[in-house]
Amino acid sequence: RSLAGIIGKTEVMKSLGTGYRADAVRKARIVAAAFEQEWRDIEVHGVRPVIAAPPKRPKPAPPPPASPADKTLRQAFELFRTDPAKHRSRKTDLHYLNLIELTVGLWGEGRTIRSIDREASRELLDVLLWLPANAEKKFPKLSPLAASRMAKEKGLTGRLSPASVNGYMCKFRAVMNFCQNEGWIERNPAKGLQVIDRVRRRDKRLPFSAEQLRLIFDAPIYRGCVDDWAGYSTPGYAHPRRGRFWVPLIALFSGMRMNEICQLHVADIHRLDGVDCFFVTEGPSDADNGKRLKTAASERFIPVHPQLVEIGFLSFVEQRRTAGAVRLFSELQKSSTGYYSDPFSKWFRRFLERAGASREKTCFHSFRHCYRDALREARIEHEVALALGGWSSGNGSEGGETAAAYGRGYRAQTLYDAMGRIAYPDLDLSHLVPGQEATP
């Protein structure tokens, strides 16, 4: 007899009672096996037996009630962020805020610090491994956790770099270390958790090639443009000399970082022992004109390169000083994170593309790599090179730190003599010398 005639229908539907794919696959196999046995029984006996419902997934045992002394994850993060013994930039604090939302979304508002174990820490690492880069822009309607799970399910590329993943895990470990020091947990469950970054640090960013440098400094803003705002890439008769003109040149001939240049005050350029110098210093973080440095080694003075003097930089500084300006490049705006470099970085990426100088693994920081190579080519003594670039010695030993603390450092004339040997023989900047501007 026909099975359909006995059952009374040609299709059989059964709810699996779950919204999770993995659980549904498991239950579907059980239901399919039960249906298979039913069809066999019907064929032999002509009777339709009752199919047992698939076993229900046992509910996880509720976590033990938290002690009043236990800190929730959010409480621990907030106490860590407001620790008076630490000072963090706005940008760093935003990274911690992002991490709070990610971990709370992963583990829930009521999750206590004491309940976070090694398995939970590995779960966080897995979420970070699949988190798309710039997830808040690419998937604005998804939480970071939802974006990570969606990327994992669809196998998306364009995820956070290993360096970024390790950066977040480093911050999570810092919070756990804080909790351990406060006595809220016995050990750090995330200790040592990270991913392998197979790209060598020196290969993450490359120096600009000679061709790229020529394309950069032959762009309309250096040859003649409409203006240095919306018309910087359009040839014209104007020769504006403000931030967008000077910042790349200063970077090439001083090795200064982007934010160090963008935040310069007029008073930061003055003479020391007869030598005109940049003074890279940090200002009060709560002031409108406050300045920030990356590391303690970043605070330094750098002689103004003779090529910058020839192009007219000191004349520009004097004009700003006569006008009573505080900031050297007052038209450059500060971002919500407190850095002048954030808006400038976005502009410079567009500038490279329009100048035809955009290449893989190169960006504004490539000027600093060019400068480091120029120091090597000039055979400048290692310790002098470190002083000119604001690099730490890389020696974390107590003896190295003690030795560095003795003396006052190099004289301005010594550094100026070294600076004068830095050159870019394949780069012709004669068109930037006042009076030599070419007509477009």
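Here the structure is a predicted model, which is why all the values come from computation and not from measurement.

Chemist: Looking at this structure, I do not really get the nonpolar core. What am I missing?
Modeler: Taken as a class, soluble globular proteins show a tendency for nonpolar side chains to be buried jointly. Among the nonpolar cores identified, the biggest contains 68 residues, and Phe217, Trp246, Leu249, Phe278, Phe313, Phe351 and Phe367 are the most heavily contacted of them. Ranked by the residues each element gives to this core, the list is headed by helix H12 (residues 243-254), at eight residues. With 36 residues, the next largest nonpolar core counts Phe77, Tyr96, Ala120 and Leu125 among its residues.

Chemist: Looking at this model, I keep getting lost on the side chain of Thr337. Mind explaining?
Modeler: Relative to the elements of secondary structure, Thr337 occurs in the loop between helix H15 (313-322) and helix H16 (341-354). Polar side-chain contacts of Thr337 include one of 2.7 Å to the side chain of Ser335. There is a polar contact of 2.6 Å between the side chain of Thr337 and the side chain of Asp342.

Chemist: How should I be thinking about the packing of aromatic side chains in this particular structure?
Modeler: How two aromatic rings sit relative to each other is given by the distance of their centres and the angle of their planes. Considering all chains together, one arrives at 25 aromatic pairs under this definition. Between Tyr232 and Trp347, the aromatic rings sit 5.3 Å apart at their centres with planes inclined by 70°, giving edge-to-face as the arrangement. With Tyr232 in the loop between helix H11 (220-223) and H12 and Trp347 in helix H16, this residue pair connects regions lying 115 residues apart in the sequence. Trp347 shares its class with Tyr232; the two are buried. Directly above the ring of Tyr339 sits Lys91, whose terminal nitrogen or CZ lies 4.5 Å from the centroid. Here Arg159 stacks its cationic end above the ring of Trp130, 4.1 Å away from the centre of that ring.

Chemist: What is the right way to look at the packing of helix H4 (residues 90-107) against helix H7 (residues 144-154) in this model?
Modeler: Packed helices, taken two at a time, are described by the angle their axes make and the gap between the axes. Where H4 contacts H7, the axes come no closer than 8 Å and their chain directions differ by 70°. In terms of orientation, H4 and H7 fall into the roughly perpendicular class. Only Pro144, Leu145 and Arg149 of H7 make contact with H4, whose side of the interface consists of Leu102, Gly105 and Leu106. Classifying every residue of the contact of H4 with H7 gives four nonpolar, one polar and one charged.

Chemist: What is the right way to read the environment of Ser366 from this model?
Modeler: The residue Ser366 is located in helix H17 (residues 366-377) in this model. For Ser366, a relative accessible area of 0% puts it in the buried group. Here the alpha-carbon distance between Ser366 and Pro207, two residues 159 residues apart in the chain, equals 4.4 Å. When sequence neighbours within four positions are dropped, the list of residues in contact with Ser366 reads Leu206, Pro207, Phe208 and Lys361. Within polar-contact distance, the side chain of Ser366 engages the backbone oxygen of Leu206 at 2.5 Å.

Chemist: Help me understand the confidence of the model for the protein in this model?
Modeler: Reading fine detail from the predicted coordinates is not recommended where pLDDT is low. Looking at the protein, pLDDT values average 84 and 77% of them are 70 or higher. Segment residues 284-289: pLDDT under 50, and eleven contacts once partners within four positions in sequence are set aside and those in other chains are kept. This model gives residues 395-407 a pLDDT under 50, and the stretch forms three contacts once residues within four places in sequence are excluded.

Chemist: What exactly am I supposed to notice about the packing of helix H5 (residues 118-130) against helix H8 (residues 162-181) here?
Modeler: Close contact between H5 and H8 brings their axes to 10 Å; oriented N to C, the two are set at 150°. In terms of orientation, H5 lies roughly antiparallel with respect to H8. The hand of the H5/H8 crossing is right-handed. Where H5 abuts H8, its residues Ser121, Leu124, Leu125, Leu128 and Leu129 lie against Val165, Tyr168, Met169 and Phe172. Taken together, the residues of the contact of H5 with H8 sort by class into eight nonpolar, one polar and no charged.

Basis of the calculations
Each chain has its residues counted from 1, running along the sequence as written. Where local features are concerned, this predicted model is filtered to residues with pLDDT of at least 70; where side-chain atom pairs are given and counted, the filter is 80 or more; whole-chain, interface and lining totals use all residues. In computing side-chain values, all of the structure's heavy atoms are included and hydrogens and water are not. Nonpolar core, defined: a set of buried Ala, Val, Leu, Ile, Met, Phe, Trp, Tyr and Cys residues in which side-chain atoms within 4.5 Å join the residues together. Categorising residues by exposure relies on relative accessible area from a 1.4 Å probe, with only protein chains included: less than 20% of the type maximum marks a residue as buried, more than 50% marks it as exposed, and the intermediate range marks it as partly exposed. Strands are runs of DSSP state E lasting at least 2 residues, helices are runs of H or I lasting at least 4, and numbering of each runs from the N terminus. Any N or O atom pair separated by 3.5 Å or less is treated as a polar contact, with the protein-specific requirement of one donor-capable and one acceptor-capable atom, and with residues adjacent in sequence counted only for side-chain atom pairs. Classification of ring pairs uses Phe, Tyr and Trp, with its six-membered ring standing for Trp, and accepts pairs whose centres are within 6.5 Å; under 30 degrees between planes counts as stacked, over 60 as edge-to-face, and the remaining range as tilted. To sit over a ring, a charge needs its Lys NZ or Arg CZ within 6 Å of the ring centre and within 35 degrees of the ring normal. Note on geometry: axes are C-alpha line fits, over the in-contact stretch for helices, and angles between N-to-C directions span 0 to 180 degrees. For this classification, under 35 degrees means roughly parallel, over 145 means roughly antiparallel, 65 to 115 means roughly perpendicular, and everything else is oblique. Contacts: residue pairs with any heavy atoms within 4.5 Å of one another. Here the term charged refers only to Asp, Glu, Lys and Arg, the term nonpolar to Ala, Val, Leu, Ile, Met, Phe, Trp, Tyr, Cys and Pro, and the term polar to all other amino acids, Gly among them. Every residue carries a pLDDT, the predictor's confidence in it, which falls somewhere between 0 and 100. With the far helix as reference, a near helix turned anticlockwise by less than a right angle produces a left-handed crossing, and one turned clockwise produces a right-handed crossing.

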